[in-house]
Amino acid sequence: MMNDKIKYDVSGLVPAIVQDADTNEVLMLAYMNAESLRLTLETGETWFWSRSRRELWHKGATSGNIQTVVEIRVDCDADTLLVRVNPAGAACHTGERSCFYRGMDPQGINTLSDPLSGE
């Protein structure tokens, strides 16, 4: 089983980069443990491990912003996942489409007017 080949960190977690399968936009970074990866593979929707709440969470269970999995890729070291999805709404808990809606320059962190173009 492929899940057995994943290299989890000392906490039993693996980073999961979530990307829109149509636009290639990076939506979020979350963490999976063996159980959330198994649930993701079985249900076809994203499940993660919340490091702050120390519990499983099904993305969109309360917001309705479900992420339907198109494919999961594993990097060359098998220690990072790329989860390509069709999102049904915002990925970020702030309501933004992507968690990466801010930029950084020498003056600090700034909200981008157009997160996709970086302007």
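Structure shown above.
Computed from a predicted structure; not experimentally measured.

**Here we look at the pattern of salt bridges**
Turning to step 1, where the next piece is worked out: Following the criterion strictly, the structure yields 7 salt bridges and no others.
Turning to step 2, where the next piece is worked out: Linking Asp20 and Arg97 is a salt bridge whose minimum nitrogen-to-oxygen distance equals 2.4 Å. In this pair, Asp20 sits in strand β1 (residues 14-20) while Arg97 sits in the loop between β6 (81-87) and β7 (102-105), placing the two residues 77 residues apart along the sequence.
Turning to step 3, where the next piece is worked out: Note that Glu71 is salt-bridged to Arg84, the shortest N-O span being 2.9 Å. A residue pair is termed long-range when its members are at least 10 positions apart, and Glu71 in strand β5 (residues 67-74) and Arg84 in strand β6 qualify at 13 residues.
Turning to step 4, where the next piece is worked out: Owing to a relative accessible area of 13%, Arg84 belongs among the buried residues under this scheme.
Turning to step 5, where the next piece is worked out: Where salt bridges share partners, they join Asp20, Glu25 and Arg97 into one cluster.

**Things to note about the sheet that holds β5**
Turning to step 1, where the next piece is worked out: Taking strand neighbours across the sheet as the criterion, the 4 strands line up as β2-β1-β6-β5 in an open arrangement whose pairing is mixed. Each edge of the open sheet is held by one strand with a lone partner, namely β2 (26-32) and β5. Each strand axis lies, on average, 25° off the axis of its neighbour in the sheet, ignoring direction.
Turning to step 2, where the next piece is worked out: Pairing of β1 with β6 involves 5 bridges; the strand directions are parallel.

Here is what the cut-offs are and how they apply
Residue numbers here run from 1 along each chain, matching the order of that chain's written sequence. For this predicted model, a pLDDT threshold of at least 70 governs which residues receive local features, and a threshold of 80 or more governs which side-chain atom pairs are given and counted, while totals over whole chains, interfaces and linings are taken from all residues. Only hydrogens and water are set aside when side-chain values are computed; all heavy atoms of the structure are taken into account. We define a salt bridge as a contact between a side-chain nitrogen of Lys or Arg and a carboxyl oxygen of Asp or Glu at a distance within 4 Å. Each helix is a run of H or I in the DSSP string that is no shorter than four residues. Each strand is a run of E no shorter than two, and both are numbered from the N terminus. For every residue, the accessible area (1.4 Å probe, protein chains only) is compared with the maximum for its type, and the residue is labelled buried under 20%, exposed over 50%, or partly exposed between those bounds. Whether two strands pair depends on DSSP finding at least two bridges between them. For helices, the fitted line uses only the C-alpha atoms of the stretch in contact; every axis is such a line through C-alpha atoms, and the angle between N-to-C directions lies from 0 to 180 degrees.

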